[in-house]
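Structure at a glance
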Amino acid sequence: MSPERHTFPSALLFLKVFEDVGDTHSFLSYENKEQGRSVFVQQDQITDGLLMAVDNEYIVKESYPKLGEEGQLCYKEEGTIRAVWKTENCLYMVSATDLPREEILKICESLK
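Residues numbered from 1 in each chain as written. Predicted model: local features only at pLDDT ≥ 70, side-chain atom pairs only at ≥ 80, totals over all residues. Heavy atoms only, no water.

Take serine 63: it is sitting in strand S5 (residues 60–63). Each C-alpha atom, one on serine 63 and one on cysteine 74, is 8.7 Å from the other, the two residues being 11 residues apart in sequence. (Helix = DSSP H or I, 4+ residues; strand = E, 2+ residues; numbered from the N terminus.)

Structure (structure tokens):
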């Protein structure tokens, strides 16, 4: 697969480096090596038996209901921020390294 260019709402340019799309899920990975930044987007359709494990070793967790049901922003020491929320039909997770909180929220809003 050749990398596909993608400009996020903030106009930061990333290359798509991995994509896995199935009937009930999608996982996309983007990176900008020059800036040392990466973004991972995961979407899973909520079905019976859906189980998602999320790393819980965060230094700060922030409830963020604007994202959706059970919306949370989770911050790790090395600069990773993870947004997790669900809708009636889907579970979403956006994880980014070295991106400001506002940029991650723009990415989350673009998924709605």
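So, on to the pattern of salt bridges. Counting across every chain of the model gives 4 salt bridges. Glutamate 70 is the salt-bridge partner of lysine 86, the closest N and O atoms lying 3.4 Å from each other. With a gap of 16 residues between them, lysine 86 in strand S7 (residues 80–86) and glutamate 70 in strand S6 (residues 69–75) connect regions that are remote in the sequence. Given a relative accessible area of 24%, lysine 86 falls into the partly exposed group. (Salt bridge = Lys/Arg side-chain N within 4 Å of Asp/Glu carboxyl O. Buried < 20%, exposed > 50% of the residue type's maximum accessible area, 1.4 Å probe, protein only.)

Accessibility expressed as a relative area gives 58% for glutamate 70, which makes it exposed. Taking the C-alpha atoms as reference points, glutamate 70 and lysine 86, 16 residues apart in sequence, are found 6.6 Å from one another. Residues contacting glutamate 70, with those up to four places away along its chain left out, are Val84, Trp85 and Lys86. One polar contact links glutamate 70 to lysine 86, side chain to side chain, over a distance of 3.4 Å. (Contact = heavy atoms within 4.5 Å. Polar contact = N/O pair within 3.5 Å; in protein donor to acceptor, adjacent residues only side chain to side chain.)

Further remarks concern the packing of aromatic side chains. If you walk through the whole model with that rule in mind, you get 2 aromatic pairs. For the pair phenylalanine 27 and phenylalanine 40, a centre-to-centre distance of 6.2 Å together with 20° between the ring planes defines the contact as stacked. Here phenylalanine 27, found in strand S3 (residues 25–32), pairs with phenylalanine 40, found in strand S4 (residues 37–45); they are 13 residues apart in sequence, far enough to count as distant. Residue phenylalanine 27 is classed as partly exposed on the basis of its relative accessible area, which comes to 24%. (Phe/Tyr/Trp six-rings, centres within 6.5 Å; stacked < 30°, edge-to-face > 60°.)

Moving on: the side chain of glutamine 42. Residue placement: glutamine 42 occurs in strand S4. The buried category is assigned to glutamine 42, whose relative accessible area is 18%. Here aspartate 44 takes part through its side chain, which lies 2.8 Å from a polar atom of the side chain of glutamine 42.

Among the residues of helix H1 (residues 101–111), Glu103, Ile104, Leu105, Ile107 and Cys108 are the ones counted as buried. On the buried face of H1, the contacting elements are S4, S6, S7 and strand S8 (90–97).

Although it is not a glycine, glutamate 70 adopts a positive phi angle of roughly 60°. A positive phi angle, close to 60°, is found at aspartate 98, a residue other than glycine. Among the structural elements, aspartate 98 can be located in the loop between S8 and H1. Its relative accessible area of 40% is what places aspartate 98 among the partly exposed residues.

What follows deals with the nonpolar core. Counting 20 residues, the largest nonpolar core has Val39, Leu67, Leu73, Val94 and Ile104 as its most contacted members. Only S3, S4, S6, S7, S8 and H1 provide two or more residues apiece to this core. (Core = buried A, V, L, I, M, F, W, Y, C linked by side-chain atoms within 4.5 Å.)

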